[in-house]
Amino acid sequence: MEERPRYFALLILTMFVATTIYIAWATDRGHGDISFETYTISPFEGDIIRYVLGPERDVDVVFDVYKTRQPTYQSPLPIVLTIHGVGGSKEMMYAFNIELARRNFTVISIDLPGHGEDTDSANGIVDMASTCRAALVYYWNRNPDVDNSTYGIVAHSMGVEVAFALSDWEVSPSTIVAIGSVGNLGFSEPAEFSGNLLYVVGALDELVPTSSAIAALRERTGIADAQPDIIYGSLDDGNATQLIMPFTDHVFEVIDNRTVSETLWWMVGSLQGEAQLDRTLPYNQHVFKQKTYAMASGAIALLLTLAPLMLILNDIVPKPSHKLKADIGFSTKSRKTLFVHSLLLSCVIGIAFTAAIAFSPTAFGVLLFTLLGPLTIFLLLGALTGKQTIRDLLGFSGIDYKTGRVETRWLLRGVLISAVCIIWLWAWTYLGFVTGGFEPRFIYPLMRIVGGARLVYLVMLAIMLVPFFMFETAWVRSVVVKPEQKHGWIGLFRKTIWALLCRVPGLLAVFGAGILVLGLLGVLSGFSLMIGLMMILFIVVASLSTVITVWADHLKMGPWLPTIMSAILFAWLLMSVMPLL
């Protein structure tokens, strides 16, 4: 009888996840109003790839096309190209893809080189612009019902630099919506663009200060006192410029309600004519939010399924008779001492991770951290608590301090349970991927199916991250175990909150201090954006690892389950967003 609730909980949560996938899938197709298709340009298709990208290009170009099923605008339909930012993918631009297609645009959303499903290496803005040209030429040549004389671009962050680079092409865009960049992210110098230009910079944007956005507006218009929210020039004449500053930050600009509304108004007025603004759907009438809510709630529900799944697996998989070390030396220290030590250790680890990524914002930087991370914990804990604590930490993980012998039975049990949990997450992610409408993500817009070189890197990183998370698991477990704490769900909840308080604030402090210092120095750039993105991922996985560690300890599951799961999840998230360089 006691086992039934966990099966029931798993069933209910699973049904909820499946429902959110359907809602996201339906929304991606405008609830029947939009057609959605993925195109892949093979290097063996000849003319397009060789003409645009050169004969050395030997990888596919991947892009999605969104079209309305029943146009209410005279042919040919205008094209809008949507371009994501650094670490993103074509799925990241779903709000614009859906809403523009509902308003008689043919939308091409592309994966830039080294991003998303593109397996090429990211070789700079010019190469990225060439990939966009290849997609446009390929689609124009095969679809006479679209306008091949001009097009518009909606771009975010680094994608804005790609958009400016496309303005040098013989078929240049007539209008650009530049989101989260005014050409100051350090990717390249923006080209001169003479068409309609809408700047969108969030009031909370971490990378583009308000002063820089207003300065860019005044430089372009030549008006010394130009202000946001005013259109300078004319959309019909093709010389309009405007700056809007919605209340959002850099990452969430692409799903901000006002940003989407203003983009729709701008594109309809620029490419279909201002008279069409009264004939199309209202520019503030959206359906994309349904997908946003489905993705967010579905991702949370998917993570929650791990709780009953772990309970079920814990009952099914036999426990070894040999018990691991139950207590660790500094778990008897006062809460104040534990908190101070944990805060210090979190800060130092955050600095080590940031330094490694700053040295090389690629897989090599993460590999470097796999050496610095365990060494940091080893040396700092040894200095704070003595050698005996290190021995206890190793003993808790089933490793003999003197011989290095590993307790394989607990290791194999952790591998088996964590493998089932990861396969469970992977299966649901793949289901969302093949439907084309939803990919369960921990925070927007991260976790996705990876293959090819990314899958190889994922396995390598996961293996090399095991030593770090082995030490971290033992460390987290040592600060939450207190003999006087109550058992049961209330005690488990209190342990979880206490562990998060010990684990996360130090990382947040390092991240916040880094952004503040870079902002004061005026050196925020695309490079710092990549470091910041990876730091956010690290904080997310550290939080998940902490929760899983507390749960695994509460259920007497051993240390290897949270160690292995944390290593795989961190590697998975990194490979989902890290560009191939």
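Our subject is the structure listed above.
Keep in mind that what you see is a predicted model, and the values were worked out from it rather than measured. (Residues numbered from 1 in each chain as written. Predicted model: local features only at pLDDT ≥ 70, side-chain atom pairs only at ≥ 80, totals over all residues. Heavy atoms only, no water.)

## Some details on the overall build of the chain
Counting its regular elements, the chain contains 17 helices and eight strands. For the chain, the proportion of its 581 residues judged to be buried stands at 60%. Taking the intrachain contacts of the chain between residues at least 6 apart in sequence as the baseline, contacts between residues at least 24 apart amount to 76%. (Helix = DSSP H or I, 4+ residues; strand = E, 2+ residues; numbered from the N terminus. Buried < 20%, exposed > 50% of the residue type's maximum accessible area, 1.4 Å probe, protein only. Contact = heavy atoms within 4.5 Å.)

## Details of the pattern of salt bridges
Scanning the entire structure with this criterion turns up nine salt bridges. One salt bridge in this structure joins Lys90 and Glu91, with 3.3 Å as the shortest N-O distance. The exposure class of Lys90 is buried, given its relative accessible area of 1%. Between Lys90 and Asp111 there is a salt bridge, with its nearest N and O atoms 3.0 Å apart. Placement of Lys90 in the loop between strand 3 (77-83) and helix 3 (94-101) and of Asp111 in the loop between strand 4 (106-110) and helix 4 (125-142) is noted, with a sequence separation of 21 residues between them. Both residues of the pair, Lys90 and Asp111, count as buried. Connected through salt bridges with shared partners, the residues Lys90, Glu91 and Asp111 form a single ionic network. (Salt bridge = Lys/Arg side-chain N within 4 Å of Asp/Glu carboxyl O.)

## Focus: the environment of Lys90
Considering only alpha carbons, one finds Lys90 and Leu112, 22 residues apart in sequence, at a separation of 8.1 Å. For Lys90, the residues in contact, after removing those within four places along its chain, are Val62, Phe63, Asp64, His84, Asn97, Ser109, Ile110, Asp111 and Glu117. Looking at Lys90, its side chain comes within polar contact range of the side chain of Glu91, at 3.3 Å. (Polar contact = N/O pair within 3.5 Å; in protein donor to acceptor, adjacent residues only side chain to side chain.)

## Here we look at a nonpolar patch on the surface
Residues Phe339, Val340, Phe493, Ile497 and Leu501 make up a contiguous nonpolar surface patch of roughly 450 Å² in combined accessible area. No other element matches helix 15 (residues 488-521), which puts three residues into the nonpolar patch. In this fold, Ile497 is placed in helix 15. Assessed through its relative accessible area of 38%, Ile497 is described here as partly exposed. (Patch = residues over 30% accessible without salt bridge, like charges linked within 9 Å, V, L, I, M, F, W, Y side chains within 5 Å. Areas by Shrake-Rupley, 256 points an atom, 1.4 Å probe, with all protein chains shown as cover.)

## A look at the nonpolar core
Formed by 81 residues in total, the largest nonpolar core has its most connected members in Ile349, Phe353, Phe369, Cys421, Phe538, Phe570 and Leu574. Phe353 has contacts with Phe369, Met534, Met535, Phe538 and Phe570, leaving out every residue within four places of it along the chain. (Core = buried A, V, L, I, M, F, W, Y, C linked by side-chain atoms within 4.5 Å.)

## Here we look at helix 17 (residues 560-577)
In a regular helix each residue adds 1.5 Å, so 18 residues correspond to 26 Å; helix 17 covers 26 Å between its end C-alpha atoms and thus fits that length. Here helix 17 lies mainly inside the structure; 17 of its 18 residues are buried. (Expected span 1.5 Å × (residues − 1).)

## A few points about the environment of Ala356
For Ala356, the location among the structural elements is in helix 10 (residues 335-359). Residues Ala356 and Leu368, twelve residues apart in the sequence, show an inter-C-alpha distance of 6.0 Å. The residues touching Ala356, leaving out its near neighbours within four places in the chain, are Gly365, Leu368, Phe369 and Leu372.

## Here's the deal with the side chain of Asp147
Note on placement: Asp147 falls in strand 5 (residues 146-156). Within the local environment of Asp147, its side chain forms a polar contact with the side chain of Ser149, the two groups lying 2.5 Å apart. Apart from the residues within four sequence positions on either side, Asp147 is in contact with Pro76, Leu77, Pro78, Ile79 and Trp140.

## Let's talk about the sheet that holds strand 1 (residues 34-41)
Strand order in this open sheet of eight strands is 1-2-4-3-5-6-7-8, and the pairing throughout is mixed. The open sheet has two free edges, formed respectively by strand 1 and strand 8 (241-244), since each of these has just one partner strand. Strand-to-strand twist across the sheet, computed as the mean angle between neighbouring axes with direction ignored, equals 20°. As judged from the five bridges shared by strand 6 (residues 175-179) and strand 7 (residues 196-200), these two strands associate in the parallel manner. Its bridge partner being in strand 7, Val177 is matched across the sheet by Leu198. (Pairing = 2+ DSSP bridges. Axes fitted to C-alpha atoms, helices over the stretch in contact; angles between N-to-C directions.)

On their own, these measurements won't tell you what the molecule is for.
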